[in-house]
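Report on the structure
Chain residues, written in single-letter form:
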Amino acid sequence: MSNLLHIDSSIQGDQSVSREITAAFADAWKLANPAGGYVYRDLGADPLPHIDATYYLAVQTPAEQRTEVQHEAWQAAKPVIDEVLAADVILLGSPMYNFSIPSALKAWIDRIAVRPFFVDQETGVGALTGKRVVVATSRGGSYAPGTPRESFDFQEPYLRAVFSMIGLDQDLSFVHTELTLAHVVPEMAQLRDLAVSSKELAHETVRKLAAA
Ligand SMILES: Cc1cc2nc3c(=O)[nH]c(=O)nc-3n(C[C@H](O)[C@H](O)[C@H](O)COP(=O)(O)O)c2cc1C
């Protein structure tokens, strides 16, 4: 049996494009995996607090040497960590905010991109290695190769870098829906057809990825 962990991080609720795309993946995945497990976390609606120094020390300290407060900090993060450990497929919805990821998604990453999950420098393997990750991004503009803002994309390169540290880069796919602001920004009106095509392609891509 395979387990899907589905995480959204848009603040835009029903209006969110990344939520629409992750939902399409999840629906198709459930059809392809009727006996599969499914867990949903909404970082947009229920954000995690930022990590603090106690948690940072706790993750660097062997369990048996942790102080009481460090133990409590680890226990508080454990539900988030256990969801990741139990998942075979991690589906992330990540809007682009200020050329990068939402701070709510960063707070989630700060809990799992920690020493216990770093890949071994020699073997390249860690506790999270082998999981499949699908990231559905949504961006107001376009950062595709050859576009003027290509080098402003700190979203996909950042996620690739941080996931490589913890072994989540072995089976990592990105599905970008671009130009989402073309429908609301008058100056982008001429880009609306491209925006429609981008979303259609994202739907088609996640359907294929979910069935694979
Ligand atoms: C706080 C904030 C910052 C944003 N920054 C960018 C940006 O840097 N580049 C961009 O192309 N779009 C930016 N946008 C637009 C969003 O990426 C776009 O609306 C996207 O569709 C949001 O994802 P969602 O539809 O899943 O909520 C920003 C939107 C918000 C709310």
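Residues numbered from 1 in each chain as written. Predicted model: local features only at pLDDT ≥ 70, side-chain atom pairs only at ≥ 80, totals over all residues. Heavy atoms only, no water.

Looking now at the site of the ligand. Residues in close proximity to the ligand total 17 residues, the closest being S10, S16, S18, S138 and Y143. At 2.5 Å from an oxygen atom of the ligand is found a side-chain nitrogen or oxygen belonging to S18. The separation between an oxygen atom of the ligand and a polar main-chain atom of G140 is 3.1 Å. Burial of the ligand by the protein amounts to 80% of the accessible area it has alone, namely 630 Å². Tallied by class, the residues present in the shell around the ligand amount to seven nonpolar, nine polar and one charged. (Near = heavy atom within 4 Å. Polar contact = N/O pair within 3.5 Å; in protein donor to acceptor, adjacent residues only side chain to side chain. Areas by Shrake-Rupley, 256 points an atom, 1.4 Å probe, with all protein chains shown as cover. Nonpolar A, V, L, I, M, F, W, Y, C, P; charged D, E, K, R; others polar.)

Time to look at the pairing of strand β5 (residues 171-177). Most of β5 sits out of view: five of its seven residues are buried. For the segment spanning strand β4 (residues 132-138), helix α5 (residues 156-165) and β5, crossover handedness is right-handed. (Buried < 20%, exposed > 50% of the residue type's maximum accessible area, 1.4 Å probe, protein only. Helix = DSSP H or I, 4+ residues; strand = E, 2+ residues; numbered from the N terminus. Right-handed = clockwise from strand over helix to strand, strands pointing away.)

Moving on, we come to the packing of aromatic side chains. Scanning the model with the defined rule gives three aromatic pairs in all. Relative to W74, the ring of Y55 lies with its centre 6.4 Å away and its plane at 10°, an arrangement referred to as stacked. Of this pair, Y55 sits in helix α2 (residues 53-60) while W74 is found in helix α3 (residues 68-86), placing the two residues 19 residues apart along the sequence. Considered together, Y55 and W74 belong to a single accessibility category, that of buried residues. A cation sits over an aromatic face here: K30 above Y38, 3.7 Å from the ring centre. Directly above the aromatic system of W74 lies the positively charged group of R66, at a separation of 4.7 Å from the ring centroid. (Phe/Tyr/Trp six-rings, centres within 6.5 Å; stacked < 30°, edge-to-face > 60°. Lys NZ or Arg CZ within 6 Å of the ring centre and 35° of its normal.)

Bringing the side chain of D42 into the picture now. The topology assignment puts D42 in strand β2 (residues 37-42). Apart from residues no more than four positions distant in its own chain, D42 is found in contact with D8 and R19. (Contact = heavy atoms within 4.5 Å.)

Counting buried positions along helix α4 (residues 103-112) yields seven of ten residues, so the element is predominantly enclosed. All of the buried residues along α4 are A104, L105, A107, W108, I109, R111 and I112.

So, about the packing of helix α1 (residues 17-32) against helix α6 (residues 192-211). Contact geometry for α1 and α6: axes closest at 8 Å, N-to-C directions at 30°. For the element pair α1 / α6, the angle class is roughly parallel. In terms of crossing hand, the pair formed by α1 and α6 is right-handed. Of α6, the residues touching α1 (which contributes V17, E20, I21, A24, F25, A28, W29 and A32) are K199, A202, H203, V206, R207, L209, A210 and A211. Grouping the amino acids of the contact of α1 with α6 by side-chain chemistry returns twelve nonpolar, one polar and three charged. (Axes fitted to C-alpha atoms, helices over the stretch in contact; angles between N-to-C directions. Parallel < 35°, antiparallel > 145°, perpendicular 65-115°, else oblique. Left-handed = near helix turned anticlockwise from the far one by under 90°.)

Quick look at the sheet that holds strand β3 (residues 89-95) now. Taken together, the five strands give an open sheet; going across it, the order is β2-β1-β3-β4-β5, and neighbouring strands pair in parallel fashion. Every interior strand has two partners, whereas the edge strands, β2 and β5, have only one. Between one strand and the next, the sheet's axes are offset by a mean angle of 15°, whatever the strand orientation. The strands touched by α5 within the sheet are β3, β4 and β5, with β5 carrying the most contacts at an inclination of about 165°. (Pairing = 2+ DSSP bridges.)

Relative to the assigned elements, R41 resides in strand β2. Measuring from C-alpha to C-alpha, the distance between R41 and K30 comes to 16 Å, with eleven residues separating the pair along the chain. Those residues in contact with R41, other than ones at most four positions away along the chain, are H6, I7, D8, L48, P79, V80, E83 and W108. Among the polar contacts listed, one links the side chain of R41 to the side chain of E83, at a separation of 2.9 Å.

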